[in-house]
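# Structure assessment
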Amino acid sequence: QVQLVESGGGLVQAGGSLRLSCTVSGRAFSSYGMGWFRLTPDKERETVARMSWTGGSVVYADSVKGRFTISRDNAKNTLYLQMDNLLPEDTARYYCAAVRLGQGGWDYWGQGTLVTVSS
């Protein structure tokens, strides 16, 4: 069973930064497409950023472009989300997910980490 564990959330003031991490179990991480998602207090789900298994294709939500950066370290089986210039509307529970090669939907999900941005 593949497990994803997020960390790095917390309380930060507007304008601050946080870096989220997502560590993936097993030996197939380098073949997974990866993504970050968030669920707001109003229960809106948004795809924040996603990256192909090669790292060559990266897509961001318009709301985070220029502020967030997704990256991966295959040697550490870890996905990152660097979040800068945080806004109160970034407050949400952030989840990472993985998709296997050739699959159409996200196969594995983490439990999430809470990010709270105070104004």
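The text that follows walks through the structure, step by step, so that each part is easy to find. (Residues numbered from 1 in each chain as written. Predicted model: local features only at pLDDT ≥ 70, side-chain atom pairs only at ≥ 80, totals over all residues. Heavy atoms only, no water.)

### Quick notes on the environment of V99
For V99, the position within the fold is in strand β9 (residues 92-99). Under the relative-accessibility criterion, V99 is labelled buried at 15%. Separated by 41 residues in the primary sequence, V99 and V58 place their C-alpha atoms 14 Å from one another. Every residue in contact with V99, bar those within four places of it in the chain, is listed here: S31, Y32, G33, G105, W106 and D107. (Helix = DSSP H or I, 4+ residues; strand = E, 2+ residues; numbered from the N terminus. Buried < 20%, exposed > 50% of the residue type's maximum accessible area, 1.4 Å probe, protein only. Contact = heavy atoms within 4.5 Å.)

### Observations concerning the state of the cysteines
As enumerated under the stated definition, the model contains one disulfide in all. For C22, the disulfide goes to C96, at an S-S distance of 2.0 Å. Disulfide C22 to C96: torsion about the S-S bond roughly 60°, handedness right-handed. With C22 in strand β3 (residues 18-24) and C96 in strand β9, this residue pair connects regions lying 74 residues apart in the sequence. (Disulfide = S-S within 2.5 Å.)

### A short note on unusual backbone geometry
For N77, which is not glycine, the phi dihedral falls at a positive 55°. As for its position among the elements, N77 is in the loop between β7 (68-73) and β8 (78-83). Judged by relative accessible area, N77 falls into the buried class, the value being 18%. Located in the positive-phi region is N85, a residue other than glycine, with phi close to 50°. Within the secondary structure, N85 is located in the loop between β8 and β9.

### Notes on the environment of L81
Tracing the backbone through its elements, the reader meets L81 in strand β8. Take L81: its relative accessible area is 0%, and that puts it in the buried class. Expressed as a C-alpha distance, the spacing of L81 and G8, which sit 73 residues apart in the sequence, is 9.4 Å. Beyond its immediate chain neighbours, meaning those up to four positions away, L81 contacts L18, R19, L20, W36, V48, A49, F68, T69, I70 and Y94.

### A look at the environment of D107
Its location among the elements puts D107 in the loop between β9 and β10 (108-109). For D107, a relative accessible area of 25% translates into the label partly exposed. Residues D107 and D62, spaced 45 residues apart in sequence, show a C-alpha to C-alpha distance of 24 Å. Reaching out from D107, the side chain makes a polar contact with the backbone nitrogen of R100 at a distance of 2.7 Å. (Polar contact = N/O pair within 3.5 Å; in protein donor to acceptor, adjacent residues only side chain to side chain.)

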